[in-house]
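Here's the letter readout for the chains.
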Amino acid sequence: MLLKIYNDKPNEKYIDQAVDILRKGGVIIYPTDTVYGIGCDITNQKAIERVCQIRGLKTDKANLSFICYDLTDIAQYTKPFDTTVFRVLKKALPGPFTFIFNASGQVPKLLSSKKKTVGIRVPDNNIVREIVKQLGNPIVTASIHDEDDIIEYSTDPELIYEKYQELVDLVIDGGYGDNVASTVVDVTEGEFEVIREGKGDLEQYL
């Protein structure tokens, strides 16, 4: 199924449809403020395995991130961090960043892995944030890569649909996606270490 949803005013009925699919263990593809992502409800183990299978990842080794609605969700999945980190997060999010934290005990239980860290995203995109808000918990996310040698990420939702329609339960068309992924920042040591330069410029928030 391909659903057109507008970022400036997401259709409630369509958001409910997406949430319903996730609650039933479905896998969806959706826009973010960077590249298109593929994900599922973090509480559904079979759906997480499906996401990994579609992306060709091993469940126990996959660097999956969580998309949260806002900062209030983050504390459940991370070990405590200091106020300096919190202040930067508050300024930078929602935004095109993935912050890597030390994972709380909740994360290995959800992902059936021994992961000690977790990536957290709060994208500046109303579609995916509304889905997460209505769902009531984060979704696991991985980027949609393209086989093209020049374009690293797939940006056209209709082409994404053509490729993935047999593999996922829903593709959301939120317009053309970006071809630059999020900036990944490691905060596990209490410092801000950029481990992948992407769309977000962290300097302006430090």
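Everything below is about the structure shown above.
Throughout what follows, the structure given in this document is the object of discussion. Quick caveat: nothing in here was measured; it's all calculated off a predicted structure.

For the chain, the count of helices and strands is 7 helices and 10 strands. For 206 residues, the compact-globule formula gives about 17 Å, and the C-alpha radius of gyration of the chain, at 16 Å, lands near that figure. Taken along its principal axes, the extent of the C-alpha atoms in the chain is 45 × 35 × 35 Å. By sequence separation, contacts in the chain at least 24 residues apart represent 65% of the contacts at least 6 residues apart. Surface exposure of the chain reaches about 10400 Å², of which carbon and sulfur atoms provide 46%.

Bringing the nonpolar core into the picture now. Counting residues in hydrophobic clusters, the biggest one holds 42 residues, and the most contacted among them are Ile29, Phe66, Phe99 and Phe101. Grouped together as the second largest cluster of nonpolar side chains are 18 residues, Ile21, Leu22, Ile127 and Leu170 included.

Okay, the environment of Asp82 next. Note that Asp82 resides in the loop between helix H3 (71-74) and helix H4 (83-92). Note: C-alpha distance between Asp82 and Ile139 (57 residues apart in sequence) is 25 Å. Among the polar contacts made by the side chain of Asp82, one reaches the main-chain amide nitrogen of Thr84 at a distance of 3.2 Å.

Turning our attention to the sheet that holds strand S2 (residues 28-30). One open sheet accounts for 10 strands, arranged S1-S8-S2-S3-S7-S4-S6-S5-S9-S10; its pairing is mixed. Two strands lie at the open edges of the sheet, namely strand S1 (2-4) and strand S10 (193-196), each paired on one side alone. Averaged over all neighbouring strand pairs, the angle between strand axes comes to 30°, with direction disregarded. Contacting S2, strand S3 (37-41), strand S4 (65-67), strand S7 (139-143) and strand S8 (170-173), helix H6 (residues 126-135) crosses the sheet at an angle of about 155° to S7.

It is worth spelling out helix H7 (residues 157-164) at this point. All of the buried residues in H7 are Pro157, Ile160 and Tyr164. Along the axis of H7, the buried positions cluster into a sector of 55°, meaning they face one direction only. Set apart from the buried face of H7 by more than 90 degrees, the exposed residues are Leu159 and Glu162. On the buried face of H7, the contacting elements are S1, S2, helix H2 (45-55) and S8.

When you tally the buried positions in S3, you get 5 out of 5 residues, the bulk of the element. Bridge count between S2 and S3: 3 bridges; the pairing is antiparallel. If you follow Tyr30 over to S3, its bridge partner there is Gly37. Counting the residues between successive antiparallel strands, the hairpin from S2 to S3 contains 6 residues.

Contact geometry of helix H1 (residues 12-23) with H6 gives a least axis separation of 9 Å together with a crossing angle of 55°. Relative to H6, H1 is oriented oblique. Helix-helix and strand crossings are classified by hand; for H1 and H6 the assignment is right-handed. On H6, the residues that touch Ile15, Ala18, Val19, Leu22 and Arg23 of H1 are Ile127, Glu130, Ile131, Gln134 and Leu135. For the contact of H1 with H6, the residue count by class is 7 nonpolar, 1 polar and 2 charged.

On to the packing of aromatic side chains, then. Tallying each qualifying case throughout the model produces 4 aromatic pairs. Where Phe66 meets Tyr77, the ring centres are 5.4 Å apart and the plane angle is 85°; that geometry is what we call edge-to-face. Here Phe66, found in strand S4, pairs with Tyr77, found in the loop between H3 and H4; they are 11 residues apart in sequence, far enough to count as distant. What makes Tyr77 buried here is its relative accessible area of 3%. Members of the aromatic cluster, connected to one another through ring pairs, are Phe97, Phe99 and Tyr205. Directly above the ring of Tyr69 sits Arg129, whose terminal nitrogen or CZ lies 4.4 Å from the centroid.

Definitions and cut-offs
Residues numbered from 1 in each chain as written. Predicted model: local features only at pLDDT ≥ 70, side-chain atom pairs only at ≥ 80, totals over all residues. Heavy atoms only, no water. Helix = DSSP H or I, 4+ residues; strand = E, 2+ residues; numbered from the N terminus. Rg over C-alpha atoms; globule rule 2.2 N^0.38 Å. Contact = heavy atoms within 4.5 Å. Areas by Shrake-Rupley, 256 points an atom, 1.4 Å probe, with all protein chains shown as cover. Core = buried A, V, L, I, M, F, W, Y, C linked by side-chain atoms within 4.5 Å. Buried < 20%, exposed > 50% of the residue type's maximum accessible area, 1.4 Å probe, protein only. Polar contact = N/O pair within 3.5 Å; in protein donor to acceptor, adjacent residues only side chain to side chain. Pairing = 2+ DSSP bridges. Axes fitted to C-alpha atoms, helices over the stretch in contact; angles between N-to-C directions. Arc of directions from axis to C-beta. Parallel < 35°, antiparallel > 145°, perpendicular 65-115°, else oblique. Left-handed = near helix turned anticlockwise from the far one by under 90°. Nonpolar A, V, L, I, M, F, W, Y, C, P; charged D, E, K, R; others polar. Phe/Tyr/Trp six-rings, centres within 6.5 Å; stacked < 30°, edge-to-face > 60°. Lys NZ or Arg CZ within 6 Å of the ring centre and 35° of its normal.

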